[in-house]
Amino acid sequence: MAGRPPGPGRIRGLPMRAVVYDRYGPPDVLRIEDVAKPAPGSGQVLVKVAATSINLSDWETLLGSPMYSRIGGLRTPARRVLGSDIAGWVDAVGPDVTRFRPGDEVYGDNLMLKGGFAEYAIAPESALAHKPAALTFAEASTIPQAGVIAHQGIAGAVAGQRVLINGAGGGSGAFAIQLAKQLGAEVIGVDNAAKLDFMRSVGADEVIDYRRQDFTRSGPYDLILDLVAHRSVFAYRRALAPGGRYRCVGGSVRALLRVLTIGSAVGLLTHRRLGVLAVKEGPAHFEPVAELCVAGDLAIHIDRTFTLDEVPQALAWVGEDTPSARSS
């Protein structure tokens, strides 16, 4: 999805190519369409998209499942164009924008407006930061959502602790493994068999194929970061050491509600802490992760790249092993 930076005097309002959908469903509901190039409003920036990373949230919002992915659009999608983690050039700025000007290289998590699977996307000024020169657009686009989840999810781990990351073979998981290892923790990664070698390559001390082994019957663990929560609160409690913490940041509505309600009570009674990670978004939270990447302390792993025309195939590839099949 690379392109050229915007030049002076560019004509506004021309059509642009975008991957759109009008109903929830599998990737075949997506189509390439010419749509009107948007114009930025007050406090907004028009970005010529160079790269957009794909997150599990894109897959969930495509399907409309779990139900929280339908916020703002219960029956039909609230936004016709998916893609939130974007990187590219500023093409135009709206009134009251002070931090950017046309030609600037930027990146950010545009979760509220989305639109990254297109040639241009509108984003709030507050969602963007200047792209570090040392990072490519593709590398920068992997950080704002996945990097922040990992950084906040691992926070508080200390040397010698046993840290388990469920769903560790994805973007957030790869960052989380590295961050936990830097803190001196012993790291156990959980995912499918095809990702075991990858988890080892980024630093996992032990790996578990969730299809063959139930991690909640091993342990105990001092910290569990669950990126794909689908199990019973009591199973998670069983896997925690006394004083241990369980944090989930994705999964089924049923599992998340269990953690929010039953989990709090169970944790108090058993001297363990179970909760949902409330992820803090924005440049103040993703720029520190980018700085670690620039310094070489955190490696960025890009598995595959796709063109704009291949976005449906890219989402299908991401959805091949979603947690929806995991039993609760």
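What counts and how
- In this convention, every chain numbers its residues from 1, walking through the sequence in written order.
- For a predicted model such as this one, the threshold for reporting local features is a pLDDT of at least 70, and the threshold for listing and counting side-chain atom pairs is 80 or more; totals across whole chains, interfaces and linings nevertheless cover every residue.
- The basis for every side-chain value is the complete set of non-hydrogen atoms in the structure, without hydrogens or water.
- Any two of the Phe, Tyr and Trp rings considered here, Trp counted by its six-membered ring, make a pair once their centres fall within 6.5 Å; the pair's planes then place it as stacked at under 30 degrees, edge-to-face at over 60, or tilted in between.
- Charges are assigned to positions over rings by a cutoff of 6 Å between ring centre and Lys NZ or Arg CZ, combined with an angular limit of 35 degrees from the ring normal.
- Each helix corresponds to a stretch of at least 4 residues labelled H or I by DSSP, and each strand to a stretch of at least 2 residues labelled E; elements are numbered beginning at the N terminus.
- Between the first and last residue of a helix there are one fewer steps than residues, each counted as 1.5 Å, and that sum is the expected span.
- Bend, in this description, refers to the angle at a residue between axes fitted to the seven residues ending there and the seven starting there.
- Summary of the burial criterion: residues with accessible area below 20% of their type's maximum are buried, those above 50% are exposed, and those between are partly exposed, where the area comes from a 1.4 Å probe applied to protein chains only.
- Only heavy atoms enter the contact rule, under which two residues are in contact if any of them lie within 4.5 Å.
- Polar contact is defined as a pair of N or O atoms within 3.5 Å, subject to the rule that within protein one atom must be able to donate a hydrogen and the other to accept it, and that residues adjacent in sequence are counted only when both atoms are side-chain atoms.
- pLDDT measures how confident the predictor is about each residue, on a scale from 0 to 100.
- Each patch groups residues whose relative accessible area exceeds 30% and which form no salt bridge, using 9 Å between like charges and 5 Å between nonpolar side chains of Val, Leu, Ile, Met, Phe, Trp and Tyr.
- The method behind every accessible area is Shrake-Rupley, applied with a 1.4 Å probe, and residues are considered shielded solely by the protein chains displayed.
- For this analysis, a salt bridge means a side-chain nitrogen from Lys or Arg found within 4 Å of a carboxyl oxygen belonging to Asp or Glu.

### Side note on the packing of aromatic side chains
Piece 1. In total, this model carries five aromatic pairs according to the counting rule given.
Piece 2. The side chain of Lys 37 reaches across the aromatic face of Tyr 120, ending 4.2 Å from its centre.
Piece 3. Positioned above the aromatic ring of Trp 317, the side-chain terminus of Arg 304 is 5.2 Å from the ring centre.

### Remarks on helix 7 (residues 253–270)
Since the α-helix packs 3.6 residues into each turn, any two residues three or four apart lie on the same face.
Piece 1. Between its terminal C-alpha atoms helix 7 stretches 24 Å, which fits the 26 Å expected from 18 residues at 1.5 Å a residue.
Piece 2. For helix 7, the principal kink sits at Gly 263 and spans about 45°.
Piece 3. Every buried residue of helix 7 is accounted for by Ala 255, Leu 256, Arg 258, Val 259, Gly 263, Val 266 and Gly 267.
Piece 4. Among the structural elements, helix 6 (233–239), strand 12 (240–248) and strand 13 (273–276) are those in contact with the buried residues of helix 7.

### Quick word on the side chain of Thr 216
Piece 1. Checked against the element boundaries, Thr 216 lands in the loop between strand 10 (206–209) and strand 11 (221–226).
Piece 2. Of the polar contacts made by the side chain of Thr 216, one reaches the side chain of Asp 214; its length is 2.7 Å.
Piece 3. Here Arg 238 takes part through its side chain, which lies 2.8 Å from a polar atom of the side chain of Thr 216.
Piece 4. Sequence-distant contacts of Thr 216, defined by excluding residues within four places in its chain, comprise Arg 231, Ala 235, Tyr 236, Arg 238 and Ala 239.

### Observations concerning the confidence of the model for the chain
Detailed conclusions should not be drawn from predicted coordinates in areas where pLDDT is low.
Piece 1. Confidence in the prediction of the chain, expressed as mean pLDDT, is 91, and 94% of residues score 70 or more.
Piece 2. Predicted confidence is poor over residues 324–328, with pLDDT under 50, and the contacts of this stretch with residues over four places away or in other chains come to 14 contacts.

### Let's talk about the environment of Ile 122
Piece 1. With respect to the helices and strands, Ile 122 occurs in strand 6 (residues 120–124).
Piece 2. Sequence-wise, Ile 122 and Pro 38 are 84 residues apart; in three dimensions their C-alpha atoms are separated by 7.0 Å.
Piece 3. In contact with Ile 122, not counting residues within four places along its chain, are Pro 38, Ala 39, Pro 40, Gln 44, Val 45, Leu 46, Asn 110, Leu 113 and Lys 114.

### Notes on a nonpolar patch on the surface
Piece 1. On the surface, a cluster of nonpolar side chains totalling about 530 Å² of accessible area is made up of Met 67, Leu 74, Val 253, Leu 257, Leu 260 and Val 276.
Piece 2. Here the element with the most residues in the nonpolar patch is helix 7; it accounts for three residues.

### Here we look at helix 1 (residues 56–63)
Piece 1. A large share of helix 1 lies buried, amounting to six of its eight residues.
Piece 2. Ser 57, Asp 58, Trp 59, Glu 60, Thr 61 and Leu 62 are the residues of helix 1 that are buried.

### Focus on unusual backbone geometry
Piece 1. Backbone torsion omega between Ser 65 and Pro 66 reads 5°, so that peptide bond is classified as cis.
Piece 2. The topology assignment puts Pro 66 in the loop between helix 1 and strand 4 (85–93).
Piece 3. Going from Gly 219 to Pro 220, the amide bond is cis rather than trans, its omega being 10°.
Piece 4. Looking at the secondary structure, you find Pro 220 in the loop between strand 10 and strand 11.
Piece 5. At Asp 96, a residue that is not glycine, the phi angle is positive and equals roughly 75°.
Piece 6. Structurally, Asp 96 can be placed in the loop between strand 4 and strand 5 (105–109).

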